[in-house]
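Structure assessment
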Amino acid sequence: MDRGDFVPHGHRSRAYANAPLRVGNFHLSAPFIYGVALEALALRRGHRFLHVGSGTGYLSTIAG
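The following paragraphs examine the structure supplied in this document. (Residues numbered from 1 in each chain as written. Predicted model: local features only at pLDDT ≥ 70, side-chain atom pairs only at ≥ 80, totals over all residues. Heavy atoms only, no water.)

Within the protein one finds 2 helices and 2 strands. From first element to last, N terminus to C terminus, the protein shows the α and β order β-β-α-α. In terms of overall dimensions, the protein has C-alpha extents of about 35 × 20 × 15 Å along its principal axes. A buried classification covers 19% of the 64 residues belonging to the protein. (Helix = DSSP H or I, 4+ residues; strand = E, 2+ residues; numbered from the N terminus. Buried < 20%, exposed > 50% of the residue type's maximum accessible area, 1.4 Å probe, protein only.)

Here it is in structure tokens:
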């Protein structure tokens with residue numbers, strides 16, 4: 001899974017900085033935030049979680 005696949009066309013190079021990415025109404029949190037969230041969830045094989053949101057699906061993808 002490539003973080004660049006989750007950003008608007010033309011902004012892929014900015015996807016790899018450890019900083020939030022905001023383009024118009026689009027927002028993708030900094031990569032370390034997703035790491036903190038996943039660590040706090042402490043997911044293990046066989047666990048399930050429901051991520052209700054209107055984002056890009058990036059968190060659900062990396063959790064998978």
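Further notes follow.
So, on to the nonpolar core. Core analysis: the largest hydrophobic core is formed by 9 residues, namely Phe6, Val7, Ala15, Leu21, Phe26, Leu28, Tyr34, Tyr58 and Leu59. Every element with two or more residues in this core is listed here: β2 (26–28) and α2 (58–63). Residues in contact with Ala15, not counting those within four places in the same chain, are Arg3, Gly4 and Val7. (Core = buried A, V, L, I, M, F, W, Y, C linked by side-chain atoms within 4.5 Å. Contact = heavy atoms within 4.5 Å.)

Here we take up the pattern of salt bridges. Per the stated rule, a full pass over the model turns up 2 salt bridges. Residues Arg12 and Asp2 are paired through a salt bridge, measuring 2.6 Å at the closest nitrogen-oxygen approach. Of this pair, Arg12 sits in the segment before β1 (21–23) while Asp2 sits in the segment before β1, placing them 10 residues apart in sequence. Residue class for Arg12 comes out partly exposed when judged on its relative accessible area of 39%. The partner of Asp5 in a salt bridge is Arg12, with the nearest N and O atoms 3.2 Å apart. Owing to a relative accessible area of 54%, Asp5 belongs among the exposed residues under this scheme. In this structure, a network of salt bridges that share partners links the residues Asp2, Asp5 and Arg12. (Salt bridge = Lys/Arg side-chain N within 4 Å of Asp/Glu carboxyl O.)

According to the stated counting rule, one finds 2 aromatic pairs in the structure shown. An angle of 70° between the planes, with centres 5.1 Å apart, marks the rings of Phe6 and Tyr58 as edge-to-face. Separated by 52 residues along the polypeptide, Phe6 in the segment before β1 and Tyr58 in helix α2 bring together distant segments of the chain. Overall, Tyr58 belongs to the buried group, its relative accessible area being 8%. One aromatic cluster is present, built from ring pairs that chain together Phe6, Tyr34 and Tyr58. Just above the ring of Tyr58 sits the side chain of Arg3; from NZ or CZ to the centre is 5.3 Å. (Phe/Tyr/Trp six-rings, centres within 6.5 Å; stacked < 30°, edge-to-face > 60°. Lys NZ or Arg CZ within 6 Å of the ring centre and 35° of its normal.)

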